[in-house]
Amino acid sequence: MTHYTHLRTYALMDPADVPAEFKLTSSDTSITIHDRFPKGYYHELVLPRVLPPLTTRQLSTLRTLLMLPREQARAVLLGLRRDALEAKRLIEEDMRARYGFVWDVLIGFHAVPSVEYVLIPLRHLIHLHLHVISVDFLGEALKTKKHVNSFHPRLGFFLHIDEVIRWFDPDIEPTWFAMKSTLDKKEYEPLLKGEMLCPHCDAPFKTIPKIKKHFRAVFRKMQEDALEAAAQGTSAEGAGPDAEAVAVPNDGTVDEAAAVPESSVDSRTASTEDGVATPGAGQKRKHAETAGDEPEVIDVDALPDAEPTAKRHQVGGAGTASS
């Protein structure tokens, strides 16, 4: 069987029976596993467990979940969000321990899960999964334009968990029922086929080697800024390690008042490039000192071509299934 079967398999298992090398953490309603094909240094999947009265069919995709009675669907999403934040806390702990600072982590769904593109005979095996991914986008499995665009935080294909939960607010227009009907491949697939854009600064890139070189530069700059802030005794509560890191929000500005907790996530081993330590899979560079500043331009052609030799970090074990 392919790795797509693992998502459903783990969701049906008692978390205590899941091998420790595959599992990050679990709760009474979910299990969090390491993505077998990480797109960032840290990439986890939160799976809702299949417990009565819920069925495998109802938990196969976000679309099928939204077909449940309103409060039941919302309760599942709130539980996933709670457990994703725990995974994030563990990831951040690992970031601090390995790299001395913390960078941003995204939590959300793909509007159209990639597992929907598998052969029809395997589609009954797909299972809803919430991504918890560090925004360095330097995971060993990030290899295509689709991968980059599917995790872009502002492009529209990546649905942030808080955004999905807001669909349930009574004052949202269109209504919740209208919103759920928009999860259509015909609407979202074009977003993956458009120009490949940097998730940090929206700069366009033609090739994966070029954009990954850019990602490495972003990471180095963020690392340098964190070290400088630490040397100056600058506090970055909620963004870096113990008031020694600089937070890099999704919009590229510096947030010096927010830090995200992580869980025991497996981080790749660090390597060095141009004299700067680079993490195995989970850091990015800050593009502007403040919201009003223009992002610094990096000449990617002047940077070395070699990929950092980083092994995927796992908070708690080896990789398993992915999407």
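None of the values given here were measured: they were computed from a predicted structure. Every chain is numbered independently, its residues counted from 1 as its sequence is written. Given that this is a predicted model, residues contribute local features only at a pLDDT of at least 70 and side-chain atom pairs are listed and counted only at 80 or more, while totals for whole chains, interfaces and linings are drawn from all residues. Only heavy atoms go into the side-chain values, all of them from the structure, while hydrogens and water stay out.

1. Examining the overall build of the protein chain
Right, so step 1: Strands are runs of DSSP state E lasting at least 2 residues, helices are runs of H or I lasting at least 4, and numbering of each runs from the N terminus. Helix and strand counts for the protein chain come out as eight helices and 12 strands.
Right, so step 2: Accessible area is worked out with a 1.4 Å probe on protein chains only. A residue is then buried under 20% of its type maximum, exposed over 50%, and partly exposed in between. Expressed as a percentage of the 323 residues in the protein chain, the buried residues total 55%.
Right, so step 3: When contacts within the protein chain are restricted to residue pairs at least 6 apart in sequence, those whose partners lie at least 24 apart make up 75%. Whether two residues are in contact is decided by their heavy atoms: any pair within 4.5 Å suffices.

2. Some details on empty space enclosed by the protein
Right, so step 1: Put plainly, a pocket is an open set of points on a 1 Å grid over the protein atoms alone with protein on both sides within 12 Å along at least five of seven lines, a cavity is a set where a 1.4 Å probe fits but cannot get out, and a lining residue has an atom within 4 Å of a point. Grid points are joined across faces, edges and corners, and a volume is the space filled by probe spheres set on the points. Counting across every chain of the model gives two cavities of 30 Å³ or more.
Right, so step 2: For the lining of the largest cavity, the class distribution of residues is four nonpolar, three polar and no charged. Charged residues are taken to be Asp, Glu, Lys and Arg, nonpolar residues to be Ala, Val, Leu, Ile, Met, Phe, Trp, Tyr, Cys and Pro, and polar residues to be all remaining types, Gly included.

3. As for the environment of F219
Right, so step 1: Tracing the chain through its elements places F219 in helix α8 (residues 208–231).
Right, so step 2: A relative accessible area of 0% means that F219 is categorised as buried.

4. Here's the deal with unusual backbone geometry
Right, so step 1: Across the junction of P52 and P53, the peptide omega takes the value 10°, indicating a cis bond.
Right, so step 2: The residue P53 is located in the loop between β3 (43–48) and α2 (62–65) in this model.
Right, so step 3: The backbone phi angle of F137 is positive, close to 55°, even though this residue is not glycine.
Right, so step 4: Note on placement: F137 falls in the loop between β5 (130–134) and α4 (145–150).

5. Things to note about the pairing of β5
Right, so step 1: Of all the five residues making up β5, five are buried; the element is thus mostly covered by neighbouring parts of the structure.
Right, so step 2: In this sheet, β5 lies alongside β3 in antiparallel orientation, the contact comprising four bridges. Bridged to V46 within β5 is L130.
Right, so step 3: A strand pair is defined by DSSP finding two or more bridges across the two strands. Taken together, the four bridges between strand β4 (residues 105–110) and β5 define a ladder with antiparallel strand orientation. The residue bridging G108 from the neighbouring strand is H131, located in β5.

6. Here's the deal with the nonpolar core
Inside soluble globular proteins, nonpolar side chains tend to come together where they are buried.
Right, so step 1: The definition of a nonpolar core used throughout is a set of buried Ala, Val, Leu, Ile, Met, Phe, Trp, Tyr and Cys residues joined through side-chain atoms within 4.5 Å. Ranked by size, the top nonpolar core spans 62 residues in total, and within it L62, L65, L77, W103 and F109 carry the most contacts.
Right, so step 2: Every element with two or more residues in this core is listed here: α2, α3 (70–99), β4, β5, β6 (158–160), α5 (161–166), α7 (185–193) and α8.
Right, so step 3: In contact with L77, other than residues within four places in its own chain, are L62, L65, L66, F109, I161, V164, I165 and F168.
Right, so step 4: Core analysis: the next-biggest nonpolar cluster, separate from the first, contains seven residues, L7, Y10, L45 and L47 among them.

7. Let's talk about the pattern of salt bridges
Right, so step 1: The salt bridge criterion pairs a side-chain nitrogen of Lys or Arg with a carboxyl oxygen of Asp or Glu, the two atoms within 4 Å. Per the stated rule, a full pass over the model turns up eight salt bridges.
Right, so step 2: Of the charged contacts, one joins R81 and D162 as a salt bridge, the two residues approaching to 2.6 Å between their closest N and O atoms. In this pair, R81 is assigned in helix α3 and D162 in helix α5, connecting sequence segments 81 residues apart.
Right, so step 3: Relative accessible area serves as the criterion here: at 30%, R81 is assigned to the partly exposed category.
Right, so step 4: Between E86 and R89 there is a salt bridge, and its shortest N-O distance comes to 2.7 Å.

8. Focus on the sheet that holds β4
Right, so step 1: Pairing is antiparallel across the open sheet formed by six strands, whose spatial order is β1-β2-β3-β5-β4-β6. The strands lining the two open edges of the sheet, one partner per strand, are β1 (23–26) and β6. Ignoring strand direction, the axes of neighbouring strands in this sheet form an average angle of 30°. Fitted lines through C-alpha atoms give the axes, limited to the stretch in contact for helices. The angle between two N-to-C directions lies from 0 to 180 degrees.

9. Side note on the packing of aromatic side chains
Centre distance and the angle of the planes are the two values used to describe a pair of aromatic rings.
Right, so step 1: Stacked, tilted and edge-to-face are the three classes assigned to paired rings of Phe, Tyr and Trp, where Trp is represented by its six-membered ring and a pair needs centres within 6.5 Å; plane angles under 30 degrees give stacked, over 60 edge-to-face, the rest tilted. Per the counting criterion, the structure on display carries 10 aromatic pairs.
Right, so step 2: Taking 6.0 Å as the distance between ring centres and 85° as the angle between the ring planes, the aromatic pair formed by Y41 and F219 counts as edge-to-face. Taken as a pair, Y41 in the loop between β2 (30–34) and β3 and F219 in helix α8 lie far apart in primary sequence, 178 residues in all.
Right, so step 3: The exposure class assigned to Y41 is buried, which follows from its relative accessible area of 1%.
Right, so step 4: Between F137 and F215, the ring centres sit 5.8 Å apart and the planes meet at 45°, which makes this aromatic pair tilted. Of this pair, F137 sits in the loop between β5 and α4 while F215 sits in helix α8; the two residues are 78 residues apart in sequence, bridging distant segments of the chain.

10. Re α8
Right, so step 1: Look at α8: 34 Å from first C-alpha to last across 24 residues, which is about the 34 Å you get at 1.5 Å a residue.
Right, so step 2: Burial analysis of α8 places 17 of its 24 residues in the buried class, which makes it a mostly covered element.
Right, so step 3: Distance and chemistry together define a polar contact, namely a pair of N or O atoms within 3.5 Å, with one atom able to donate a hydrogen and the other to accept it when in protein, and with adjacent residues in sequence counting only for side-chain atoms on both sides. In this structure T207 caps α8, since a side-chain oxygen of it lies 3.3 Å from the backbone nitrogen of K210.
Right, so step 4: Note on α8: the residue one or two positions beyond its end, G233, has a positive phi of about 75°. For a helix, the expected span equals 1.5 Å multiplied by the residue count minus one.

11. As for the side chain of H43
Right, so step 1: Inspection of the secondary structure assignment puts H43 in strand β3.
Right, so step 2: A polar atom in the side chain of H43 sits 3.1 Å from the backbone nitrogen of K39.

12. Things to note about the environment of H214
Right, so step 1: Examined against the element boundaries, H214 turns out to sit in helix α8.
Right, so step 2: As a C-alpha pair, H214 and A203 span 11 residues in sequence and 9.8 Å in three-dimensional space.

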